[in-house]
Amino acid sequence: MQQQADVTFRLQPGGRLQGRMRVPGDKSISHRSIMLGALADGVTEISGFLEGEDALATIAAFRAMGVRIDGPVQGQVTVHGVGLHGLQAPAGPIDCGNSGTTMRLLAGLLAGQAFDSELVGDVSLSSRPMRRIADPLTRMGARIELSAAGTPPIRIRGGQRLRGISHQSPVASAQVKSCLLLAGLYAEGRICVSEPQPSRDHTERMLAGMGYALQRDGTTVCLQGGGRLQAGRIDVPADISSAAFFLVGASIAEGSDLVLEHVGINPTRTGVIEILRLMGADIEVLNPRDVGGEPVADLRVRHALLRGIRIPEELVPLAIDEFPALFVAAACAEGETVLTGAAELRVKESDRIAVMADGLRTLGIDAEALPDGIRIRGGRLSGGRLASHHDHRIAMSFAIAALRASGEIVIDGCAIVNTSFPGFAELARQAGLRIETAGATM
Ligand code: S3P
């Protein structure tokens, strides 16, 4: 997926965040709603779908495999499921754009098909590690080829007989776990995946919601191949990973008082709330409710004085996408924040440890990259010019830093924000961020 003309964010310092807002739909759940909807028997109606490029790449992939998908129109999508064995061979390589979730989950699914396939991605995705899925898929009997460096493109030979395995994943990764569960749908016998710590469990919840039997015990999940999925309704909550920029922004900016509506608060995703609260943040969880098997609430966040902490390592997988924003919170906190046990951050859409440490130093903050984390001493943020490094969350994290900066912040390469948060600049401006965009309409 090619970015068109790129966008620069220009932020004037100061401001505060106020009012009520609903951020776009959860990216992880949006991907899975298309994938499982396509494999189900019957029609799946989705609301709240994320109309960002990553989730649109997943829609395009399934259309290329013959699935009729109507929408998205204002977050509504209709997927006409073809059943587990109804996908057709795509005419060419499937472009996953910037989306690791599209690529890794599809690889598992495609390993069980009768046809050959190839998955490609953009410059960022093309450098991300894929042996973590290719090795266990190969043990299941799949035939997979990667580049010599273990990166995309991924070439998958169809028509293989898959068998269930027990896989002990060395990393807590929902993408690895979900990839293998999807391959497991096509396997003879039982697939079991164990992780060192729990990762997000949206795949398990959605499979169960569609009537597929799973066995869960601690951080192990198993399923038996050969079942069926039943279509239904899926209501996608607002993405806590997108809400995170505003949780941090309102926490650091004096006078802020903001309500984020209908946010998914699945306990495998709420590490950002726990970490911010440990730092002294004032976040209230209002009106908690259950929406189609996923917990949802409104989050009220008010300005608070933050203090540096040692981030508990067990919270790392539960906040894995929120660390760039949390590092901005740490830069605004009193004292030192230390994160360890987070080497995974080096293989996200960018090396988020190196990129954030460099960027914070550009803004005058004492930040030191560690092999598996970062040390940040809170201080006074200056203005400066930064790059997104083809990473949406880097761009949005430095944008909210402007709330506490003493000079203008300019961020280049911000079209990538559309992968997960279309309309970010507009929504943030309405809430009080002094943001202008140049180069294209966001
Ligand atoms: C995701 C899992 C996480 C996360 C990514 C989305 C998912 O990746 O960082 O943004 O939807 O399964 P890992 O599984 O690599 O930790």
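Residues numbered from 1 in each chain as written. Predicted model: local features only at pLDDT ≥ 70, side-chain atom pairs only at ≥ 80, totals over all residues. Heavy atoms only, no water.

**Here's the deal with the packing of helix 10 (residues 352–362) against helix 11 (residues 392–401)**
Each pair of packed helices gets described by two things: the angle between the helix axes and the distance between those axes. Spelled out, the test is: Angles shown run from 0 to 180 degrees and are taken between the N-to-C directions of axes, each axis being a line fitted to C-alpha atoms and, for helices, limited to the stretch in contact. Only DSSP runs of H or I reaching four residues or more are called helices, and only runs of E reaching two or more are called strands; each is numbered from the N terminus. By the definition adopted for this analysis, an angle is roughly parallel if under 35 degrees, roughly antiparallel if over 145, roughly perpendicular if from 65 to 115, and oblique otherwise. Left-handed is the label given to a crossing in which the near helix is rotated counterclockwise from the far helix by less than a right angle, and right-handed is the label when the rotation is clockwise. The criterion used for residue contact is that any of the two residues' heavy atoms lie within 4.5 Å.
Packing of helix 10 against helix 11 leaves a shortest axis separation of 11 Å and a crossing angle of 25°. Taken together, the axes of helix 10 and helix 11 are roughly parallel relative to one another. Considering only the axes of helix 10 and helix 11, their crossing is right-handed. Together, R352, V355, M356, G359 and L360 of helix 10 and H392, R393, I394, S397 and F398 of helix 11 make up the contact between the two elements.

**Quick word on the site of the ligand**
Definition in use: We define proximity as follows: a residue is near a molecule or strand when any one of its heavy atoms falls within 4 Å of that partner. Reported accessibility uses the Shrake-Rupley method at a 1.4 Å probe radius. Residues are deemed covered only where the shown protein chains occlude them. Three residue categories are used. Nonpolar comprises Ala, Val, Leu, Ile, Met, Phe, Trp, Tyr, Cys and Pro, charged comprises Asp, Glu, Lys and Arg, and polar comprises the others, including Gly. For every domain, the bounds stem from an assignment made automatically or drawn from a database.
Looking at the ligand, the residues that line it are S28, R32, T101, R104, S173, A174, Q175, R200, I320, D321 and K348. Out of a free accessible area of 390 Å², the ligand has 96% covered by protein chains. Contributions of two or more residues to the shell around the ligand are made by helix 1 (27–39), helix 3 (100–111) and helix 5 (174–184). Taken together, the residues that form the shell around the ligand break down as two nonpolar, four polar and five charged. Split by domain, the shell around the ligand shows at least three residues from each of two domains, domain 1 (2–24 + 237–438) and domain 2 (27–235).

**Overview of the pattern of salt bridges**
Inclusion rule: For this document, the term salt bridge refers to a Lys or Arg side-chain nitrogen within 4 Å of an Asp or Glu carboxyl oxygen. Here the term buried applies to any residue with accessible area under 20% of the maximum for its type, exposed to any over 50%, and partly exposed to those in between, with areas from a 1.4 Å probe on protein chains only.
Within this structure, the stated rule accounts for 33 salt bridges. We note a salt bridge from D70 to R68, for which the minimum N-O separation is 3.2 Å. Owing to a relative accessible area of 51%, R68 belongs among the exposed residues under this scheme. With a closest N to O distance of 2.8 Å, E344 and R132 form a salt bridge. Of this pair, E344 sits in the loop between strand 18 (336–339) and helix 10 while R132 sits in helix 4 (residues 131–139), and the two are 212 residues apart along the sequence. The structure contains a network of salt bridges with shared partners spanning R128, R200, D321, E349, R352, D391 and R393.

**Some points on the packing of aromatic side chains**
Here is the rule: Any two of the Phe, Tyr and Trp rings considered here, Trp counted by its six-membered ring, make a pair once their centres fall within 6.5 Å; the pair's planes then place it as stacked at under 30 degrees, edge-to-face at over 60, or tilted in between.
Inspection of the entire model under this criterion finds six aromatic pairs. Here F246 and F421 contribute two aromatic rings whose centre-to-centre distance is 6.1 Å and whose plane-to-plane angle is 65°, an arrangement assigned as edge-to-face. Taken together, the residues span a long stretch of sequence, with F246 in helix 7 (residues 240–252) and F421 in the loop between strand 22 (409–412) and helix 12 (424–431) at a distance of 175 residues. On the basis of relative accessibility, which here comes to 0%, the residue F421 falls in the buried class. Here the aromatic rings of F246 and F424 are separated by 6.0 Å at their centres, their planes lie at 45°, and the arrangement is tilted. Linking F246 in helix 7 with F424 in helix 12, this pair joins segments that are 178 residues apart in sequence. Among the residues examined, F246 registers a relative accessible area of 1% and is labelled buried. Feature note: the residues F9, F245, F246, F421 and F424 constitute an aromatic cluster, connected by ring pairs.

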